[in-house]
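Read off the chains here:
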Amino acid sequence: MALATLKQVLEMASATLTAVPMFNIDNIEIPDAVVPVAEKYDCPLIFGVGQGAIKAGKLYYLRDVVYRIADQTSLPIVLHLDHGASLEQAVECMDAGFTSVMYDGSHGPFEENIAVSKKVVEYAHARGISVEAELGAIGGVEDGVSSDRKNLVDVEEVKEFISRVEVDALAIGIGNAHGLYKAAPNLDFDRLRQCQALNPPPLVLHGGSGIPKDMIQKAIELGIRKINVATELRNAFMEGLEKSVHKRDIYAMYQAGAIEAAALAETKIRMFKRLDEI
Ligand code: G3H
Ligand code: ZN
């Protein structure tokens, strides 16, 4: 099946008041393990290629993996650039067949974020590709890139940004952070409520690893339509490898990693589709 765009799967999420998972991918095994689980729940999937994978030279390999996977499922699958670092990087991914790109200008000046996001949107929308932007730099460490700025998004900036840039999704900082939380996350739901009241494009929650179910549920109720998960998924896969390394059988290890990754993905999919709500 042809790949879907971010816009398309977020429209589905908005229609069902749920959220779509974005799972970062770093190898063949993880996406390959996640798809059968998503099929069980008829859950669209966004596969994100992040800066770590790109720095490791995996961009085109992972592009091919996702296209191959999409050929073998009827699920809507999005190939997404995560935390795009520049217009040039976003263009390279779009030219490589990505159906969605994020430009993360949240760490720089607001006007620069606006200017570059506009250029990314212009290039993307001319090709039917979706764009995610970010306001309020997400704290924590992502792919080795750390940002200790735990900026809470400025609601006035959201109002200004969405009036000037036509993005398909907007990531906001509301106390979420990349990586595992040192203490229970303290999400600013009031701020999320204020952002949603501006009738923005679908809102995105980064740093999905470690956010408890009740907070995820509330965030979705308040308008979050895309939730990114990387750390817990990678850790699950690595735990599977660790548990089976004694077998000295590489495919037994991959299988053990895949089982753990699939189990983690299932918990997130059930949460994001608001099954067994509390
Ligand atoms: O962009 C990727 C996500 O924000 C990953 O966050 O590693 O905390 O799940 P996480
Ligand atoms: Zn992120």
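Residues numbered from 1 in each chain as written. Chains lettered and ligands numbered in written order. Predicted model: local features only at pLDDT ≥ 70, side-chain atom pairs only at ≥ 80, totals over all residues. Heavy atoms only, no water.

Chemist: An account of the environment of Gly208 is requested, with residue identities and associated values reported.
Modeler: Examined against the element boundaries, Gly208 turns out to sit in the loop between strand E10 (203-205) and helix H9 (213-221). Taking the C-alpha atoms as reference, Gly208 lies 25 Å from Gln255; in sequence the two are 47 residues apart. What Gly208 contacts, discounting residues up to four positions off in sequence, is Ile227, Asn228, Val229, Glu232 and Lys268. (Helix = DSSP H or I, 4+ residues; strand = E, 2+ residues; numbered from the N terminus. Contact = heavy atoms within 4.5 Å.)

Chemist: Go over the site of ligand 1 with me, naming the residues and quoting the values.
Modeler: Taken together, 15 residues lie near ligand 1, and Asp82, Gly179, Ser209, Ala230 and Thr231 sit nearest. One nitrogen or oxygen atom from the side chain of His178 is found 2.9 Å from an oxygen atom belonging to ligand 1. Between an oxygen atom of ligand 1 and a main-chain N or O atom of Gly207, the distance comes to 2.9 Å. Within the complex, 100% of the 310 Å² of free accessible area of ligand 1 lies under protein. For the shell around ligand 1, a count of residues per class yields three nonpolar, ten polar and two charged. (Near = heavy atom within 4 Å. Polar contact = N/O pair within 3.5 Å; in protein donor to acceptor, adjacent residues only side chain to side chain. Areas by Shrake-Rupley, 256 points an atom, 1.4 Å probe, with all protein chains shown as cover. Nonpolar A, V, L, I, M, F, W, Y, C, P; charged D, E, K, R; others polar.)

Chemist: Explain the coordination of the zinc ion (ligand 2) residue by residue, including any values.
Modeler: For the zinc ion (ligand 2), the full set of protein donor atoms is His83 (NE2), His178 (NE2) and His206 (ND1), at a range of 2.1 Å. Within one chain, the residues serving as donors to the zinc ion (ligand 2) are arranged as H-x94-H-x27-H. Taken as a pair, His83 in strand E3 (residues 77-84) and His178 in strand E9 (residues 177-178) lie far apart in primary sequence, 95 residues in all. Here the two residues His83 and His178 agree in accessibility, since each one is buried. (Donors = N, O, S within 2.8 Å, 3.2 Å for Na, K, Ca; no water. Buried < 20%, exposed > 50% of the residue type's maximum accessible area, 1.4 Å probe, protein only.)

Chemist: Talk me through the pairing of strand E8 (residues 169-172); I want residue IDs and the actual numbers.
Modeler: What you see with E8 is no split at all: Ala169 and Ala171 on one side and Leu170 and Ile172 on the other are buried throughout. Looking at chain direction, strand E5 (residues 130-135) and E8 are connected through four bridges and run parallel. The residue of E8 that forms the bridge with Ala133 is Leu170. In terms of strand pairing, E8 meets E10 through two bridges, oriented parallel. Each residue of the ladder has a partner; that of Ala171, found in E10, is Val204. (Pairing = 2+ DSSP bridges.)

What is shown is where atoms sit, not what they do.
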